[in-house]
Amino acid sequence: MSDRPLPTGKLPPQLLAEFLGNLSPDPSVLLGPGIGHDAAVIQIDTIRLVFKSDPITFATEAIGWYALNVNANDVACLGARPRWFLATVLLPEGTTAHDARVILDDLARAAERLGVSVVGGHTEITVGLDRPIVAGTMIGELTTEYVLSPARVRPGDALLLVRGIAIEGTALLARECRQTLERMLDQDLLARCRRFLYEPGISIVPAATLLLERLGEDLRYLHDPTEGGLATGLHEVAVACGTGLVVSEEAILVYPETRAVCTALGLDPLGLIASGALLAVVTPQSVERALDTLAQHDIPATQLGWLDPDPGRRVLIGSTGERPLPVFQVDEVARLFASGGCV
């Protein structure tokens, strides 16, 4: 790999895979690190715990809410109940006591909403930051006899998209690019976009819990697309499962508010950070049951496609035929911020 500077965002998959391949977890690690693995599972005596850590780096508003929810999402994707949270809160010079309280209060509200206990962490004013950063660690307790992992997936399994895209990206852009978007879009629409953080919201915990309860072992695997958007999440599913993907473009739920914001800023919704959506791999015979269950709870979902036995086949099928699933080297938010096209 060259010595050129890496782009903003996630490390390139090949670099990350090289690093992970050199690790040797001890026998207590039931599920270790890997591309498309949302969290780790560790067994201590008869107790199986799920661990996840994730930072919030794009947003400057409501970062406590973001931090707790995105970590809880990854724990829920393994079939676990989020229980305990630790937060490292790094604040730039000039932060006031009021600013700090807002972030901490956001953490507390999000924890209360999900029934999570904030049990520790660290806070400090840090030299060299231009924005606050919250890095969180969520610990959950496995509630099933098995782990929802890529090892359970089989070629031919169905792929569902639960809720639409891109909830987090829409809220984030409406908040961070307020001045730019106010010159382009209707104020009522922008107000709805800012509320996306809470309605429909970025938590997938209720949807994941519902699918696990109703489908049992017919639910193979869950993955939540985050940085890099739905397209990156789909590639991660394919890599983790060792399969290809066939995806229907018509089945991709894109919120009208998201389309409006992306059109105004020249962004592609498929590459926009997508917390709040959930990818579910289920057995073919359970598709109708899964969609009916979600519909009964007013949770939109579609059958996005299926897992193809050819690992080299990752395609979108649309009205003009078949094309490769797009690759986004950086999230569309990161690209926009790097270009200076957002104030």
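Summarised in this report is the structure supplied together with it. Just so it is clear, the structure is predicted and the values come from calculations on it, not from any experiment. (Residues numbered from 1 in each chain as written. Predicted model: local features only at pLDDT ≥ 70, side-chain atom pairs only at ≥ 80, totals over all residues. Heavy atoms only, no water.)

### Side note on the packing of aromatic side chains
A full pass over the atoms with the stated rule returns three aromatic pairs. Between Phe 58 and Phe 337, the ring centres sit 6.2 Å apart and the planes meet at 90°, which makes this aromatic pair edge-to-face. Of the two residues, Phe 58 sits in the loop between strand S3 (47–56) and helix H2 (63–76) while Phe 337 sits in helix H12 (residues 332–339), which places them 279 residues apart along the sequence. Take Phe 58: its relative accessible area is 11%, and that puts it in the buried class. Seen from their ring centres, Phe 196 and Tyr 255 are 5.3 Å apart, and the 75° between their planes marks the pair as edge-to-face. In this pair, Phe 196 sits in the loop between helix H6 (187–195) and helix H7 (197–201) while Tyr 255 sits in the loop between strand S9 (244–248) and helix H10 (256–265), placing the two residues 59 residues apart along the sequence. (Phe/Tyr/Trp six-rings, centres within 6.5 Å; stacked < 30°, edge-to-face > 60°. Helix = DSSP H or I, 4+ residues; strand = E, 2+ residues; numbered from the N terminus. Buried < 20%, exposed > 50% of the residue type's maximum accessible area, 1.4 Å probe, protein only.)

### As for the side chain of His 223
The residue His 223 is located in strand S8 (residues 219–223) in this model. His 223 sits in the buried class, given a relative accessible area of 3%. A distance of 2.8 Å separates a polar atom in the side chain of His 223 from a polar atom in the side chain of Glu 236. (Polar contact = N/O pair within 3.5 Å; in protein donor to acceptor, adjacent residues only side chain to side chain.)

### A word on the sheet that holds S8
The strands making up a sheet are joined through hydrogen bonds of the backbone, oriented either antiparallel or parallel. One open sheet holds the seven strands; their spatial order is S8-S10-S7-S11-S9-S12-S13, and the pairing between them is mixed. Of all the strands in the sheet, just S8 and strand S13 (321–324) have a single pairing partner and so form its edges. This sheet shows a mean twist of 25° between the axes of neighbouring strands, independent of strand direction. Strands strand S7 (158–162), S8, S9, strand S10 (278–282), strand S11 (301–308) and strand S12 (314–318) of the sheet are contacted by helix H9 (residues 229–241), whose axis makes an angle of about 135° with S8. (Pairing = 2+ DSSP bridges. Axes fitted to C-alpha atoms, helices over the stretch in contact; angles between N-to-C directions. Contact = heavy atoms within 4.5 Å.)

### Quick notes on unusual backbone geometry
The peptide bond linking Ile 165 to Ala 166 adopts the cis configuration, its omega dihedral lying at -5°. A cis amide bond, omega 10°, links Glu 199 with the succeeding residue Pro 200. As for its position among the elements, Pro 200 is in helix H7. Positive phi outside glycine occurs at Asp 45, with the angle close to 55°. As for its placement among the helices and strands, Asp 45 is situated in the loop between strand S2 (40–44) and S3. The exposed category is assigned to Asp 45, whose relative accessible area is 69%. The phi dihedral of Asp 298 is positive, around 55°, even though this residue is not glycine. Its location among the elements puts Asp 298 in the loop between helix H11 (287–296) and S11.

### Section: H6
For H6, the set of buried residues is Leu 189, Leu 190, Cys 193 and Arg 194. Considered in projection along H6, the buried side chains sweep an arc of 140° and stay on one side of the axis. Two or three places before Asp 188, at the start of H6, stands the capping residue Asp 186, its side-chain oxygen 2.9 Å from that residue's backbone nitrogen. (Arc of directions from axis to C-beta.)

### Topic: the layout of surface pockets
There is about 1400 Å³ of room inside the largest pocket. Every residue lining the largest pocket is counted, 50 residues in all, and those nearest its centre are Lys 10, Leu 11, Leu 16, Thr 226 and Glu 236. Put simply, the parts of the chain that give the lining of the largest pocket at least two residues each are helix H1 (13–21), S2, S3, H2, helix H4 (167–176) and H9. Tallying contributions element by element places S3 first for the lining of the largest pocket, with six residues. Empty space within the second largest pocket amounts to approximately 440 Å³. What lines the second largest pocket is a set of 25 residues, among which Arg 113, Arg 163, Pro 200, Ser 203 and Pro 206 lie closest to the centre. Elements represented by at least two residues in the lining of the second largest pocket include exactly H2, strand S4 (80–92), helix H3 (97–114), H7 and helix H8 (205–215). Tallying contributions element by element places H7 first for the lining of the second largest pocket, with five residues. Its residues assigned to classes, the lining of the second largest pocket shows 16 nonpolar, four polar and five charged. (1 Å grid on protein atoms, 1.4 Å probe; cavity = no way out; pocket = protein on both sides within 12 Å on 5 of 7 lines; lining within 4 Å. Points joined across faces, edges and corners; volume = space filled by probe spheres on them. Nonpolar A, V, L, I, M, F, W, Y, C, P; charged D, E, K, R; others polar.)

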